[in-house]
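Residue-level structure breakdown
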Amino acid sequence: MRQLPLPKGAKALTGADAATPTSLGSRLNLLIGDRRRLIAALAACSIVSGFIEAATLALVAHLAVSLVGQARHGSGAGHTQLSLFNLHASEGTLILVAFALCGLRLLFQVPLSILPARIASDVQARVRTELFDAFSRASWSVQSGDREGRLQEVMTGQVMQAVGGAVGMTGLITSTFQFIVLMVSAILLSPLAAVLVGSMSVGMFALLRPLRGRGVRNARKLSAAQVGYAGGIAESNRLAEEAHVFGAAGAQRERIALLVSQSQRFFYRAQLLTRLITNVYQSLIVLLLVAGIGILYLIGGGHAGSLGAVVLVLLRAGMTGQTVQSAYQSLIQALPFIERTQNALLGYEASVERSGEVRLTSISTLSFDRVSFAYRQTAPVLSEICFDVRAGEAIGIVGPSGAGKSTLVQLLLRLRRPVDGRYLINGAPAENFADADWHRQISYVPQEPRLLHASVAENIRFFREIDAAQVERAARLARIHDDIVGWKDGYETIVGPRADAVSGGQQQRICLARALAAQPQVLILDEPTSALDPQSEALISASLLAIRSDLTLFIVAHRMSTLEMCDRVMVILDGRVAGLDTKAALQRDNPYYRNASRLATAGQGS
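Residues numbered from 1 in each chain as written. Predicted model: local features only at pLDDT ≥ 70, side-chain atom pairs only at ≥ 80, totals over all residues. Heavy atoms only, no water.

Under the definition given, this model contains eight aromatic pairs. Note on phenylalanine 368 and tyrosine 423: the rings are 4.9 Å apart at their centroids and 70° apart in plane angle, and the pair reads as edge-to-face. With phenylalanine 368 in strand β3 (residues 365–376) and tyrosine 423 in strand β6 (residues 420–425), the pair connects residues that are 55 residues apart, well separated along the chain. Here phenylalanine 368 and tyrosine 423 have matching classes, each one buried. Judged by centre distance (4.9 Å) and plane angle (85°), the rings of phenylalanine 373 and tyrosine 375 are edge-to-face. Judged by relative accessible area, which is 7%, phenylalanine 373 ranks as buried. (Phe/Tyr/Trp six-rings, centres within 6.5 Å; stacked < 30°, edge-to-face > 60°. Helix = DSSP H or I, 4+ residues; strand = E, 2+ residues; numbered from the N terminus. Buried < 20%, exposed > 50% of the residue type's maximum accessible area, 1.4 Å probe, protein only.)

Structure follows, in structure tokens:
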């Protein structure tokens, strides 16, 4: 079976949205954000906890040696001296002190648990919120150019891996400060042994650097593979119906299996490197501990209590060093995911267009003054478009596929800005007007109806402050009210993708009601009846005729019958205005319009 092509960017694990290295400070700033106080508190708690642990270990070692010595000589309870703190006290007193230190250390585990959890959860919430906020503000050119499934994967898989980096960072902070405190304590007990063991620990850290580098490179490939996988899943979900019809489900399965295999390969390597580094470091730590004991044996000279204390502290320092290594490994392997998340965030933010400041209370004229547009410099889509439309006019837009009609609609909606020329509202540049006012004055019905998985009322409101009376008014204007009240739950009926089925005509009329709910002054419809049955087309046409005199209409028409209500018709050919006049004048003077009308009449006759 022929395998379907992989999503764009999945073949080569680099691409436009691939993670690109940035400074470590910039990457960590995405994690830290405004949580510096929490991190400072975490560091302080780690230092205090480390000193408490070192004191406890030293005290336990001296107590153990003292008690063993008393048992060997058959003596009763006495006094022992703790040389580190120059203390003289009975074993019973020191045991109570040890209990107190243990309780104090246990108390510090509360903030040492709460702070990392708070930082990680805050990072997750903040990054996801900022990422979607930036996406929602981004220009339409950037939003529409996003690969399928990319935003979902960045906001889920990539952010979760980035949060893993935040967890690693908090673990690194905690374990690093504790390691430093334990090593300082060991130096106070036995400088030579501690310095030698500490130096060898640093050497081991450097020795494992090549493995960590491979881990970062592999994590970058894993990040890209996960984005490709998410894109494949999103696309397969969208095309499930076609896959059934064309018998392509098997090829789809092979394609997804290949994406899963690719992701599995890099995930396996990531897990292998993480465990290999941890296990190698652990083994080397034991080796260093034996070496430290050997050094202490050579220089110990009978200081059994100090020897035991140093051994315990170095043992704990070795365990903490292993935690440092693991936390650092988690952090650096999360960096590619942090980079990709950061790149997406910065890309969205960079495309945000500044809103104008001029209030827009009404629209009396819309004009294109020599407007041109191109997606690529070498391939212009629209060239030298000029027209003036007065308030209350109904303008039809016709032309062959690929002529630039949809791009013209996007320019009218201010989703894209002209490359050359000017878009004028009331004689002033359209970009001068405040976005909030613009959104209230203009509305749109796309060719393909897109519904939320929500109630009919919520679909008509579409996240706007619109009361029930306005919702019903819009539904009546769109000729969908009678259908809605006939459904069991009325306006609370759940509709949307793959919910209880409503016909294509009903979906389109719900979208028309959505467009009319805020009572706009300009309504743009992109081939609203092209895929509808005659009855649905008649209902949509009746709705448009009813509102015809209340607003300015632009109708991109596939069916010539849709143009009956239009005052003038604009003919777009090869990205240029080939005619803009009344239907009668175009029928007389415009070959394309005349031929399209003839074909439409012939089709109706057949």
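This part takes up the sheet that holds β6. Spatially, β4-β3-β6-β7 is the arrangement adopted by the four strands of the open sheet, whose pairing is antiparallel. A single partner strand is all that each edge strand has here, and the edge strands are β4 (379–390) and β7 (428–429). Pairing analysis gives five bridges linking β3 to β6, with the strands arranged antiparallel. Across the sheet, residue aspartate 369 finds its bridge partner in β6, namely arginine 422. Here helix α11 (residues 405–412) sits on the sheet and contacts β3, β4 and β6; the angle it forms with β3, its principal contact strand, is near 125°. (Pairing = 2+ DSSP bridges. Contact = heavy atoms within 4.5 Å. Axes fitted to C-alpha atoms, helices over the stretch in contact; angles between N-to-C directions.)

A few words now on helix α16 (residues 504–516). Under the 1.5 Å per step criterion, the end-to-end length of α16 is 18 Å for 13 residues, consistent within 8% with the ideal 18 Å. The buried count for α16 comes to eleven of 13 residues, which makes it a mostly enclosed element. Here α16 has its buried residues at Gly505, Gln506, Gln508, Arg509, Ile510, Cys511, Leu512, Ala513, Arg514, Ala515 and Leu516. The elements touched by buried residues of α16 are β8 (442–445), α13 (456–461), α14 (468–477), α15 (481–486), β11 (522–526) and α17 (534–547). (Expected span 1.5 Å × (residues − 1).)

Here the focus is the sheet that holds β8. On the basis of which strands lie adjacent, the open sheet formed by six strands has the order β8-β11-β12-β5-β13-β14 and mixed pairing. Edge positions in the open sheet fall to β8 and β14 (576–581), since each of these has one partner strand only. On average, adjacent strands in this sheet sit at an angle of 15° to one another, irrespective of strand direction. Across four bridges, the pairing between strand β5 (residues 394–398) and strand β13 (residues 568–573) is parallel. Residue pairing for β13: glycine 396 is matched across the bridge by valine 569. The strands that α16 touches are β8 and β11; relative to β8, the one it contacts most, it runs at about 175°.

The full count for this structure, using the stated rule, is 18 salt bridges. In this structure, arginine 509 and aspartate 483 form a salt bridge, with 3.6 Å as the shortest nitrogen-oxygen distance. Pair noted here: arginine 509 is in helix α16 and aspartate 483 is in helix α15, with a separation of 26 residues, a long-range link. On the basis of relative accessible area, arginine 509 is assigned to the buried category, the value being 4%. Residue classification places aspartate 483 among the partly exposed residues on the basis of a relative accessible area of 23%. (Salt bridge = Lys/Arg side-chain N within 4 Å of Asp/Glu carboxyl O.)

Attention now goes to the nonpolar core. Within the largest apolar cluster, 46 residues are counted, with the highest numbers of intra-cluster contacts made by Leu131 and Tyr348. Sorting the residues of this core by element identifies α2 (36–73), α3 (91–137), α5 (150–189) and α10 (304–350) as the ones contributing at least two each. If you tally residues by element for this core, the top one is α5, at 14 residues. Excluding its chain neighbours within four sequence positions, the residues that come into contact with tyrosine 348 are Leu131, Ala134, Phe135, Ala138, Val142, Asp146, Arg150 and Leu151. (Core = buried A, V, L, I, M, F, W, Y, C linked by side-chain atoms within 4.5 Å.)

Before going further, it helps to examine the packing of α16 against α17. Across the interface, α16 lies against α17 with an axial gap of 9 Å and an inter-helix angle of 15°. With respect to α17, the element α16 is oriented roughly parallel. Crossing handedness for the pair α16 and α17: right-handed. On α17, the residues touching Gly505, Gln508, Arg509, Leu512 and Leu516 of α16 are Ser536, Leu539, Ile540, Ser543, Leu544 and Ile547. Residues that form the contact of α16 with α17 fall into these classes: six nonpolar, four polar and one charged. (Parallel < 35°, antiparallel > 145°, perpendicular 65-115°, else oblique. Left-handed = near helix turned anticlockwise from the far one by under 90°. Nonpolar A, V, L, I, M, F, W, Y, C, P; charged D, E, K, R; others polar.)

The subject of this paragraph is a nonpolar patch on the surface. A surface patch of nonpolar side chains, amounting to about 430 Å² of accessible area, comprises Ile47, Phe51, Ile180, Val184 and Leu188. Breaking the nonpolar patch down by element, the ones donating at least two residues are α2 and α5. Per-element tally for the nonpolar patch: the top contributor is α5, with three residues. Summarising the element assignment, valine 184 is placed in helix α5. (Patch = residues over 30% accessible without salt bridge, like charges linked within 9 Å, V, L, I, M, F, W, Y side chains within 5 Å. Areas by Shrake-Rupley, 256 points an atom, 1.4 Å probe, with all protein chains shown as cover.)

With that settled, consider a positive patch on the surface. Taken together, Arg214, Arg217, Lys221, Arg265 and Arg269 make up a surface patch of like positive charges. Elements that contribute at least two residues to the positive patch include exactly α7 (209–238) and α9 (249–299). In terms of residue count, the dominant contributor to the positive patch is α7 (three residues). Summarising the element assignment, arginine 269 is placed in helix α9. (Lys, Arg positive; Asp, Glu negative; His and termini not counted. Charge placed at Lys NZ, Arg CZ, Asp CG, Glu CD.)

Bringing the environment of valine 495 into the picture now. The residue valine 495 is located in strand β10 (residues 494–495) in this model. Overall, valine 495 belongs to the buried group, its relative accessible area being 0%. A sequence separation of 44 residues divides valine 495 from leucine 451, and the C-alpha atoms of the two residues are 7.2 Å apart. Apart from the residues within four sequence positions on either side, valine 495 is in contact with Leu451, Leu452, His453, Ala454, Val456, Asn459 and Val502.

On the secondary structure map, asparagine 459 appears in helix α13. Classification of asparagine 459 as buried rests on a relative accessible area of 0%. There is a polar contact of 2.7 Å between the side chain of asparagine 459 and the backbone nitrogen of leucine 452. (Polar contact = N/O pair within 3.5 Å; in protein donor to acceptor, adjacent residues only side chain to side chain.)

By themselves, these figures tell us nothing about what the structure is for.
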